[in-house]
Amino acid sequence: MSSPSSWFFTTLICFLDVAFAGDPFVFYDWTVSYTSASPIGVKQKVIGINGKFPGPILNVTTNWNVVVNVKNDLDEPLLLTWDGVQHRKNSWQDGVSGTNCPIPAGWNWTYEFQVKDQIGSFFYFPSLNFQRAAGGYGGVIINNREVIPVPFGLPDGDITIFLSDWYTKSHKELRMVVENGVDLGIPDSVLINGLGPYRYDDTLVPGGISYQIINVEPGKTYRLRVHNVGISTSLNFRIQNHNMLLVETEGSYTVQQNYTNMDIHVGQSYSFLVTMDQNASTDYYIVASPRFVNSSWARATGVAILHYSNSQGPASGPLPSLSDQDDPSFSINQARSIRWNVSAGAARPNPQGSFRYGDITVTDVYVILNRPPELINGKWRNTLNGISYLPSSTPLKLAQQFKILGVYKLDFPNRLMNRPPKVDTSLINGTYRGFMEIIFQNNDTTVQTYHMDGYAFFVVGMDFGVWTENSRSTYNKWDGVARCTTQVFPGAWTAILVSLDNAGIWNLRAENLNSWYLGQEVYVQVVNPENDDTENSLPENAIYCGLLSSLQKDQSHKFQFSMGSPLCIDSKMILFMLFVALLESLFGVWSAGLYVN
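Anyway, here's the lowdown on the structure attached to this text.

## Digging into the sheet that holds strand S13 (residues 235–239)
Part 1 of the argument: On the basis of which strands lie adjacent, the open sheet formed by five strands has the order S11-S19-S18-S13-S16 and mixed pairing. In this open sheet, the two edge strands, each paired with only one partner strand, are strand S11 (213–216) and strand S16 (261–264). Within this sheet the neighbouring strands show an average axis-to-axis angle of 20 degrees, counted without direction.
Part 2 of the argument: Of the pairings in the sheet, the one linking S13 to strand S18 (residues 284–290) comprises five bridges and is antiparallel in character. If you follow Asn236 over to S18, its bridge partner there is Ser289.

## Re the pairing of strand S2 (residues 44–49)
Part 1 of the argument: Of all six residues making up S2, five are buried, and the element is well covered by its neighbours.
Part 2 of the argument: Inspection of the sheet shows strand S1 (residues 25–37) paired to S2 by six bridges, in the antiparallel sense. Bridge assignment links Val32 to a residue of S2, and that residue is Ile49.

## What to know about unusual backbone geometry
Part 1 of the argument: Cis geometry marks the peptide bond from Phe53 to Pro54, where omega comes out at -10 degrees.
Part 2 of the argument: If you trace the backbone, Pro54 turns up in the loop between S2 and strand S3 (58–61).
Part 3 of the argument: Of note in this structure, Asn241 is not a glycine but carries a positive phi near 65 degrees.
Part 4 of the argument: Tracing the backbone shows Asn241 in the loop between S13 and strand S14 (244–249).

## Points about the state of the cysteines
Part 1 of the argument: The full count for this structure, using the stated rule, is one disulfide.
Part 2 of the argument: Residue pairing for Cys101: its cysteine sulfur links by disulfide to Cys545, the two sulfurs lying 2.1 Å apart. On the sign convention where negative is left-handed, the bridge of Cys101 and Cys545, at about -90 degrees about the S-S bond, is left-handed. Note that Cys101 is positioned in the loop between strand S5 (80–83) and strand S6 (108–114) and Cys545 in the loop between strand S33 (521–527) and helix H6 (571–596), a separation of 444 residues in sequence. This pair shows no difference in class: Cys101 is buried, exactly as Cys545 is.

## As for the sheet that holds strand S28 (residues 457–464)
Part 1 of the argument: The strand order across the open sheet formed by five strands is S20-S26-S31-S28-S29, and the pairing between neighbours is mixed. The strands lining the two open edges of the sheet, one partner per strand, are strand S20 (364–370) and strand S29 (482–483).
Part 2 of the argument: Pairing of S28 with strand S31 (residues 492–499), which is carried by six bridges, proceeds in the antiparallel orientation. The partner of Phe464 across the bridge, within S31, is Ala492.

## Considering the pattern of salt bridges
Part 1 of the argument: The tally for this structure, following the rule as stated, stands at 21 salt bridges.
Part 2 of the argument: Notably, a salt bridge pairs Lys397 with Glu535, separated by 2.6 Å at the nearest N-O pair. Of the two residues, Lys397 is situated in helix H4 (residues 396–401) and Glu535 in the loop between S33 and H6; the sequence distance between them amounts to 138 residues.
Part 3 of the argument: Looking at Lys397, the relative accessible area reads 2%, which means it is buried.
Part 4 of the argument: Between Glu437 and Arg472 there is a salt bridge, with the nearest N and O atoms lying 3.0 Å from each other. On the criterion of sequence distance, the pair formed by Glu437 in strand S26 (residues 435–442) and Arg472 in the loop between S28 and S29 is long-range, its members being 35 residues apart.

## Some details on the packing of aromatic side chains
Part 1 of the argument: Taken as a whole and assessed by the stated rule, the structure comprises 30 aromatic pairs.
Part 2 of the argument: Ring centres of Tyr198 and Tyr285 lie 6.2 Å apart, and the angle between their planes is 55 degrees; on these two criteria the pair is classed as tilted. Within this pair, whereas Tyr198 is found in the loop between strand S10 (189–192) and S11, its partner Tyr285 is found in strand S18, the two being separated by 87 residues in sequence. For the pair shown, Tyr198 and Tyr285 are each scored as buried.
Part 3 of the argument: For the pair Phe402 and Tyr544, a centre-to-centre distance of 6.1 Å together with 75 degrees between the ring planes defines the contact as edge-to-face. Of this pair, Phe402 sits in the loop between H4 and strand S24 (422–424) while Tyr544 is found in the loop between S33 and H6, placing the two residues 142 residues apart along the sequence.
Part 4 of the argument: Pairwise contacts between aromatic rings join Tyr28, Trp30, Trp82, Trp109, Tyr111, Phe113 and Tyr124 into one cluster.
Part 5 of the argument: Positioned over the ring face of Tyr34 is Lys45, at 4.4 Å from the centre of the ring.
Part 6 of the argument: Just above the ring of Phe125 sits the side chain of Arg132; from NZ or CZ to the centre is 4.7 Å.

## Overview of helix H2 (residues 171–179)
Part 1 of the argument: Looking only at H2, the buried set comprises His171, Leu174, Arg175, Val177 and Val178. On an axial view of H2, the arc spanned by its buried residues comes to 150 degrees, and they lie on one face.
Part 2 of the argument: Here the buried face of H2 lies against S1, strand S22 (379–381) and helix H5 (513–517).
Part 3 of the argument: Just downstream of H2, Gly181 is the residue with a positive phi angle, here 75 degrees.

## Regarding the pairing of strand S4 (residues 65–72)
Part 1 of the argument: Most of S4 is tucked away: seven of the eight residues are buried.
Part 2 of the argument: Here S1 pairs with S4 via eight bridges, running parallel. The residue of S4 that forms the bridge with Thr31 is Lys71.
Part 3 of the argument: Where S4 lies against S6, seven bridges are found, and the strand directions are antiparallel. The partner of Asn69 across the bridge, within S6, is Thr110.

Conventions used here
- Counting restarts for each chain, with residues numbered from 1 along the sequence as it is written.
- Residue-level local features of this predicted model are given only where pLDDT is at least 70; pairs of side-chain atoms are given and counted only at 80 or more, and the full residue set underlies all totals for whole chains, interfaces and linings.
- Think of the side-chain values as coming from all heavy atoms in the structure, minus any hydrogens and water.
- DSSP bridges decide pairing: two strands pair if at least two such bridges lie between them.
- Secondary structure elements follow DSSP: runs of H or I of four or more residues count as helices, runs of E of two or more count as strands, with numbering from the N terminus.
- All axes here are fitted lines through C-alpha atoms, helices being fitted over the stretch that makes contact, and every angle between N-to-C directions spans 0 to 180 degrees.
- Here the term buried applies to any residue with accessible area under 20% of the maximum for its type, exposed to any over 50%, and partly exposed to those in between, with areas from a 1.4 Å probe on protein chains only.
- Cysteine sulfur atoms that come within 2.5 Å of each other are treated as a disulfide pair.
- The term salt bridge refers to a side-chain nitrogen of Lys or Arg lying within 4 Å of a carboxyl oxygen of Asp or Glu.
- Stacked, tilted and edge-to-face pairs are distinguished by plane angle, under 30 degrees for stacked and over 60 for edge-to-face with tilted covering the rest, among Phe, Tyr and Trp rings (Trp via its six-membered ring) whose centres lie within 6.5 Å.
- Definition used: whenever NZ (Lys) or CZ (Arg) falls within 6 Å of the ring centre and also within 35 degrees of the ring normal, the charge is taken to sit over that ring.
- In this context, the arc is that of the directions from the helix axis out to the C-beta atoms.
- Residue contacts are counted whenever heavy atoms from the two residues lie within 4.5 Å of one another.

Written out as structure tokens, the structure is:
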């Protein structure tokens, strides 16, 4: 055991690091477990964090160090992934099957990462076994440092909203449905912040359902951070009689434009400024309705209530309609209208537009085609370029670290090959500091969204039909928005550009859970050939599995929260601890002197 004086100096160093040089640490203790809820009037098991559904919001500031101690109290393995958090040089913390061994039931694991050079609205969720369909998600807010100006006035409030299509079947039942090649069908509801719809229609919505009420003050402006954390349904978000000023999406400030509604596809996040400028003769509807579906889906509409403090009565009457905008052409034009604010700073003081992505030479081109589920070796699978990803029992990142051959191959094709579809563990071999062009071609019948861990990419083009070399003439080469999740409409394509400057192994996946679960993902390996120190080293608390199971100390992660970082907590607390330690140290010296004398 260390002496009081050595503890004093260790703590002093930690305090000096926090107060004068290093970036702050924040700590969270989370227990992930099943809890009972009745979001649409039917009691069911959901996944909560510290008993909450949705889970807590992780609210931090650029460059802070985040330590999250996660105890898995589920009955199956767990990983949490941080959708949109880039984990610079640190894919060890990404929380997907290619980078981390799952946290077994009854074990805990400590994530430790820095939200380096990022701002914006993101979310976390469980990445394995269809668990997101049962909850386990929550918000991630990364704020600007105070020295960096924000391109809009400070709002009067900050509100996070989670939208999700919802089924009364458990996530285990839903994944069996998908495995059997059966369509998920119409959701039982759409939840807003884990709650069911307000009873706007007695024939469509049963009584006794709890719904979300958002309380506001007249004349004030609020920032609404809206996330589609659902399974597979594109949702249109709107607020009755209110304009929504779009200001940010997934870490990029946008050109500020008013929208009366916004299509938010699976896995996407947006920030709006909404001013409470109505007369409050009644409450107002907040609506999230399924897109590109038939009228039978109307019962799966999510409805919450916007309540002014001076409201004169409850909301009533029909929901705000989308009847003149219910086609993919409207949605694709809306998506093209979202532009990057190239004059605004973000996490760093330099303007975003100083990175002129349109002038950079492309080094690699991948045209990635997806198709509806198909039978491969007697099982229903989804593919990208004819390959359905097969997760390895040994995470790719660990196999790379320990130089284990045969776990994966760097042979993912840059176009669909003329061969039968197959199941394989095939990776994209990315060029470090290369500039990759990826074209997603959607041959499925539904909207698909694609997400890339570790990066923000530039969405430079999308259109209906088949992408050709001539399609590049339509690209936006100046202010295409930088984000981490993009939609691809059925029978259409979307093109992105990404600068591969973040070493690691990174997941590129369908965010639609049914497509992802059946193999629609690939990993991108990005290695700096000249410098082994480009990436963070293997964490001391790593869990081992697969071919490396023998390295795991059996008790090391069971039923206890592991220590993830130095004792850097809060400056006031540290000052108090320093004072106590100093007294103990001085008392020890004084008592020792008495004993000698």
